[in-house]
Amino acid sequence: MDAAAARQRLREARAALLAEFSARPPKAGAAQRLLRQLALRVDTQLRALWQQAGLPRDCCLLAVGGYGRGELFPHSDVDVLVLLPEGAEAHRPGELKSRLEAFITACWDSGLEIGSSVRTPDECLGEAAADLTVQTALLESRLLAGPRRACLTLQQRLAAQLQPAAFLRGKTLEMQQRHTKHEDTPYALEPNCKESPGGLRDLQVLIWIARAAGLGSTWRELAARGLLTPLEAQQLRHNEGTLKLVRCLLHFAAGRREDRLVFDLQTQVAQLLGLQAVGGVRAGEQLMRRYYWAAKAVTQLNEILLLNLEERIAPTPGNGSRRIDEDFLDRGGLIEVVDDQLYERRPEAILRTFVLYATTRGLKGLSSRTLRALYNARPLMDARWRTDARNRAAFLAILRAPEGQTHAMRLMNRTSVLGRYLWPFRAIVGQMQHDLFHVYTVDQHILMVLRNVRRFFIPEHAHEYAFCSQLAAQFDRPDLLYIAALFHDIAKGRGGDHSELGEREVRRFARQHGLSRADGDFVAFLVRGHLLLSHTAQKEDLSDPDVVAAFAAKVGDARRLTALYLLTVADIRGTSPKVWNAWKGKLLEDLYRLTLRHLGGATVSLDAVIEARKAEARQQLALKSALPGTEEPLWATLQVSYFARHDASELAWHARMLWRHLDSQEPVVCARPSPIGEGLQVLVFARDVPDLFARICGYFDGAGFNIQDAKVHTTRKGYALDTFQVQAQDLEAAQRDLVPLVEQRLGQALRQTGPLPEPRRARLSRRVKSFPTTPRVQLRPDERAQAWVLSLSASDRAGLLYAVARVLARHEVNLQLAKISTLGERVEDSFLVNGAALSSPREQLQIESELLDALALS
């Protein structure tokens, strides 16, 4: 067989099959046919090459792994096993080796990228005994060429050697490990349709376990043995078909093996499926909703069947049952219905299952019998069921239970009960969030926020958020916070303000569930204002008493303030592990304390606050052995705004670092590990020039630091006194070791003259490319009309702040305060600025236009 001709024939055959597949609207059945036809085409070529190689007649060629199932995805591996008879290499070792090498080389030359192994039966079984992966691969072996008897003998010896209980245990542990690697959720924004929870691998594991125990190798056979109901078998086939179709289209769209539904490919796959944007919902979002529903169904059915397999293969000895009440048993820590028809006879028992789960110690889940009963009871969870007073009482009982809310709500969501009871919640199950900082779907984010709120009330977690736990310990109604957590984002994706729409939903919930008017108003306030505290803390000048007073007026009282603070911390921590940091925590806590004092009637004047701050700073200077009056020369040159924006620790540090350098002609740079525990605090003292802030930003950008906060002041002698809170992008770097590096190199950068260098252009992340944020610029006078507030919003990228600073320097716009807020891969920055250019409307338009150009991705 001519290798080039064989390669061409294989390429043409594959192209023809893929063209036929893509010519029609893709369906699961068409994907299954494609997989089999691709496998058959490879079978034909491998058999021809085997024949040509002239290997001994007692050798076998076996397909193993996924290829052994008789399925081949467009760019999947082709795994084969060459099975040699025992002692074959002893007779003609050189000749056999050369023929094997020629066969494998011919496979590659003809376009087959095979993964090959050469073993005798004893070697296969020896490796299988020690390696679960080898056992699994051999379990699916399929004869391609050679004597059938040898293949059957190997399969029979493997079956005799397999220990079903040990295989079950090993595969279950493997699956748990794999799920943990993929964050234990089918709702990742870029799920792996093969390996993620609810993916194809979960289905394959079930078949492997059943085959190892001799219980069947298809869903129909498992149903015949009573492990599945006909409906469950049909649902498994349907959802397996959906996942196979998605994986086929992924390979087709990527032109390579790609099993992750990455952002770059979601729209392409959706278009291949014939999906189009409808009513503002992107085609890619529709695809992901379809995928999540399939993955969720697989997760539910996987749990049912796996429990059934465990009971059949490895029943727990002495796993007796204990009656909980007339309807439920405790069977080895799992809730089991006494009667399979319980939910059909008494639908109100559905929610009572979860009340028991939340309130009964020792229960760790639901039995397969209960899971199956819930799965079959889904049609019963209708409008009449939702309005049943007994169910409403049961739902409130879960929220008001001493513990167990998080586990109960997650289990309710996993079993599709939560979305059927809270009807608005159903609309956000599996809904993606294209805002560049949420890493979870809306339903998973809501349950993560609920979990975070719940942990504030658990003493064992007090070390995680000490201040939040302290506040929670004094809060009288945690159930109201749980309700607010469930509803705060429940109206996402509807269009309009989700906070206002969510407020309507939670008011409806409060009325239907008999909450008092006061409680209804309380949770409505939390849902409507759940972004208020973070917005104020991260974008407004907290040293301005008017800002605090305006925020306090919106909150109303200390109880609402405490609840809003707890919900806000839980919300931010529930968006993404990357969004929360100690600096954000400090801003939120500072605003909480300032507002609490204001609400308590403490109308302390700014002058009194500043004098108290100065007194504390002098005490700290004395503790550092500073001479009396060390601070006076510096303080005499500074405006009131300086003392309002810096705490006593910073006042003392500045005075101690600068008292010898007040007339320095060279820039002074000092750094220290940040008092808040993350990053560095950097002080710059230098002659004020228009491009100073831009040069500082340029250094931090090039050195790999993220600026989190900047406070900029100019002394009466014309010196800039700027303080930055920065964090290294390399979070593993020891902050103390970075101090001398920053002091030396930032000082060098500030001594340079000449034009500012161009911002560096780093590669954009895939998320930013797929879901760019439209740049926005707003310039408005501050409340006192003494300065201007510049607000920016854009996709984050390297060099962004430096590019903004260059524009401001070009127009000689002075910066007084910078609030840098990075939300995942989106930035929302606020600056307090002034300058002569801002008094001209034409100049303002020019500045805004140049800023939009600087924020643009291209």
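Quick caveat: nothing in here was measured; it's all calculated off a predicted structure.

Trainee: Break down the overall build of the chain for me, citing the residues and quoting the values.
Mentor: The helix and strand tally for the chain stands at 40 helices and 17 strands. When burial is assessed residue by residue, the chain has 55% of its 858 residues classed as buried. Taking the average place of the 113 positive charges on the side chains of the chain and the average place of its 99 negative ones, the gap between the two points comes to 4 Å.

Trainee: Residue-level account of the packing of helix H6 (residues 121-130) against helix H8 (residues 148-161), with values.
Mentor: One can describe the packing of H6 onto H8 by two numbers: an axis separation of 11 Å at closest approach and a directional angle of 25°. By the angle between their directions, the pair H6 and H8 is classed as roughly parallel. Taken as a pair, H6 and H8 cross one another with a handedness that is right-handed. Across from Pro121, Asp122, Cys124, Leu125, Ala128 and Ala129 in H6, the residues of H8 making contact are Leu154, Arg157, Leu158 and Gln161. Here the residues of the contact of H6 with H8 are counted per class, giving seven nonpolar, one polar and two charged.

Trainee: Just give me the short version of the sheet that holds strand E5 (residues 321-323), but keep the residues and values in it.
Mentor: Reading across from one edge, E5-E6-E7-E8 is the order of the four strands in this open sheet, with mixed pairing throughout. Edge positions in the open sheet fall to E5 and strand E8 (365-366), since each of these has one partner strand only. Pairing analysis gives three bridges linking E5 to strand E6 (residues 328-331), with the strands arranged antiparallel. Opposite Arg323, over in E6, you have Leu329 as the bridge partner.

Trainee: Quick rundown of the sheet that holds strand E2 (residues 78-83)? Include the residues and the values.
Mentor: With mixed pairing, the four strands of this open sheet are ordered in space as E3-E2-E1-E4. Either end of the sheet is taken by a strand with one partner, and the two such strands are strand E3 (114-119) and strand E4 (142-145). Each adjacent strand pair in this sheet contributes to an overall mean axis angle of 30°, direction not counted. One ladder, built from four bridges, connects strand E1 (residues 60-63) with E2; its direction is antiparallel. In the sheet register, Leu62 faces E2, and the bridge partner there is Leu81. Contacting E2 and E3, H6 runs over the sheet at an angle of about 110° to E3.

Trainee: So what's going on with the pattern of salt bridges? Residues and values would help.
Mentor: It is possible for side chains of opposite charge to pair when their charged atoms get near one another. Applying the stated criterion to the full structure yields 52 salt bridges. The residue Arg477 makes a salt bridge to Asp519 at a minimum N-O spacing of 3.0 Å. Taken together, the positions of Arg477 in the loop between helix H24 (466-473) and helix H25 (478-487) and Asp519 in helix H27 (residues 517-528) put the pair 42 residues apart, joining distant regions of the chain. Taking the relative accessible area as the measure of exposure, Asp519 reaches 12% and is therefore buried. Ionic pairing is found between Lys717 and Asp663, a salt bridge with its closest N-O pair at 3.9 Å. Of this pair, Lys717 sits in the loop between strand E11 (705-714) and strand E12 (719-728) while Asp663 sits in the loop between helix H35 (648-658) and strand E9 (668-673); the two residues are 54 residues apart in sequence, bridging distant segments of the chain. According to the relative accessible area criterion, Asp663 is exposed, its value standing at 53%. Connected through salt bridges with shared partners, the residues Asp325, Glu326, Asp327, Arg346, Glu348, Arg352, Asp388 and Arg390 form a single ionic network.

Trainee: Before we move on, can you summarise the environment of Val262 with the specific residues and values?
Mentor: Among the secondary structure elements, Val262 is positioned in the loop between helix H12 (230-254) and helix H13 (263-272). What makes Val262 buried here is its relative accessible area of 5%. Residues Val262 and Tyr187, 75 residues apart in the sequence, show an inter-C-alpha distance of 13 Å.

Trainee: Provide a residue-level description of the packing of aromatic side chains, including the pertinent values.
Mentor: Each aromatic ring pair is summarised here by two numbers: the centre-to-centre distance and the angle between the ring planes. Going through the model one piece at a time under the given rule, you end up with 20 aromatic pairs. Between Tyr291 and Tyr292, the aromatic rings sit 5.9 Å apart at their centres with planes inclined by 65°, giving edge-to-face as the arrangement. Judged by relative accessible area, which is 1%, Tyr292 ranks as buried. Relative to Tyr592, the ring of Tyr565 lies with its centre 5.1 Å away and its plane at 45°, an arrangement referred to as tilted. Taken as a pair, Tyr565 in helix H30 (residues 558-573) and Tyr592 in helix H31 (residues 582-599) lie far apart in primary sequence, 27 residues in all. Since its relative accessible area comes to 3%, Tyr592 is described here as buried. An aromatic cluster of three or more residues is present, and its members are Trp385, Phe395, Tyr421, Phe487 and Phe509. Taking NZ or CZ as reference, Arg378 lies 3.7 Å from the ring centre of Tyr375, over its face. Residue placement shows Lys614 over the ring face of Phe643; its charged tip is 4.4 Å from the ring centre.

Trainee: Give a detailed account of the environment of Pro56, specifying residues and quantitative values.
Mentor: One can find Pro56 in the loop between helix H2 (28-53) and E1. Residues Pro56 and Gly146, 90 residues apart in the sequence, show an inter-C-alpha distance of 9.0 Å.

Trainee: Give a description of H25 that names residues and reports values.
Mentor: Taken across its ten residues, H25 has nine buried, putting it largely inside the fold. Those residues of H25 that sit buried are Asp479, Leu480, Leu481, Tyr482, Ile483, Ala484, Ala485, Leu486 and Phe487. Looking at the buried positions of H25, the neighbouring elements they touch are helix H19 (389-399), helix H20 (405-414), helix H23 (442-456), helix H26 (498-512), H27 and H30.

Trainee: How would you summarise the state of the cysteines if you had to cite specific residues and measurements?
Mentor: Cysteine pairs can be covalently joined through their sulfur atoms, and such a bond is termed a disulfide. Tallying each qualifying case throughout the model produces zero disulfides. With no disulfide of its own, Cys670 lies 19 Å from the sulfur of Cys697, the closest cysteine sulfur. Classification of Cys697 by relative accessible area gives buried; the value is 2%.

Trainee: Outline empty space enclosed by the protein, supporting the account with residue identities and numerical values.
Mentor: Using the criterion set out here, one finds three cavities of 30 Å³ or more in the structure. Volume-wise, the largest cavity comes out at about 50 Å³. Among the secondary structure elements, those contributing two or more residues to the lining of the largest cavity are helix H14 (283-313) and helix H17 (368-376). No other element matches H17, which puts three residues into the lining of the largest cavity. Across the lining of the largest cavity, the residue classes tally to four nonpolar, two polar and no charged. Volume-wise, the second largest cavity comes out at about 40 Å³. Lining the second largest cavity are Pro633, Thr637, Leu662, Phe685, Thr715 and Lys717. Class assignment for the residues of the lining of the second largest cavity results in three nonpolar, two polar and one charged.

Reading the values: the criteria
- Residues numbered from 1 in each chain as written.
- Predicted model: local features only at pLDDT ≥ 70, side-chain atom pairs only at ≥ 80, totals over all residues.
- Heavy atoms only, no water.
- Helix = DSSP H or I, 4+ residues; strand = E, 2+ residues; numbered from the N terminus.
- Buried < 20%, exposed > 50% of the residue type's maximum accessible area, 1.4 Å probe, protein only.
- Lys, Arg positive; Asp, Glu negative; His and termini not counted.
- Charge placed at Lys NZ, Arg CZ, Asp CG, Glu CD.
- Axes fitted to C-alpha atoms, helices over the stretch in contact; angles between N-to-C directions.
- Parallel < 35°, antiparallel > 145°, perpendicular 65-115°, else oblique.
- Left-handed = near helix turned anticlockwise from the far one by under 90°.
- Contact = heavy atoms within 4.5 Å.
- Nonpolar A, V, L, I, M, F, W, Y, C, P; charged D, E, K, R; others polar.
- Pairing = 2+ DSSP bridges.
- Salt bridge = Lys/Arg side-chain N within 4 Å of Asp/Glu carboxyl O.
- Phe/Tyr/Trp six-rings, centres within 6.5 Å; stacked < 30°, edge-to-face > 60°.
- Lys NZ or Arg CZ within 6 Å of the ring centre and 35° of its normal.
- Disulfide = S-S within 2.5 Å.
- 1 Å grid on protein atoms, 1.4 Å probe; cavity = no way out; pocket = protein on both sides within 12 Å on 5 of 7 lines; lining within 4 Å.
- Points joined across faces, edges and corners; volume = space filled by probe spheres on them.

Geometric values such as these leave the question of function open.
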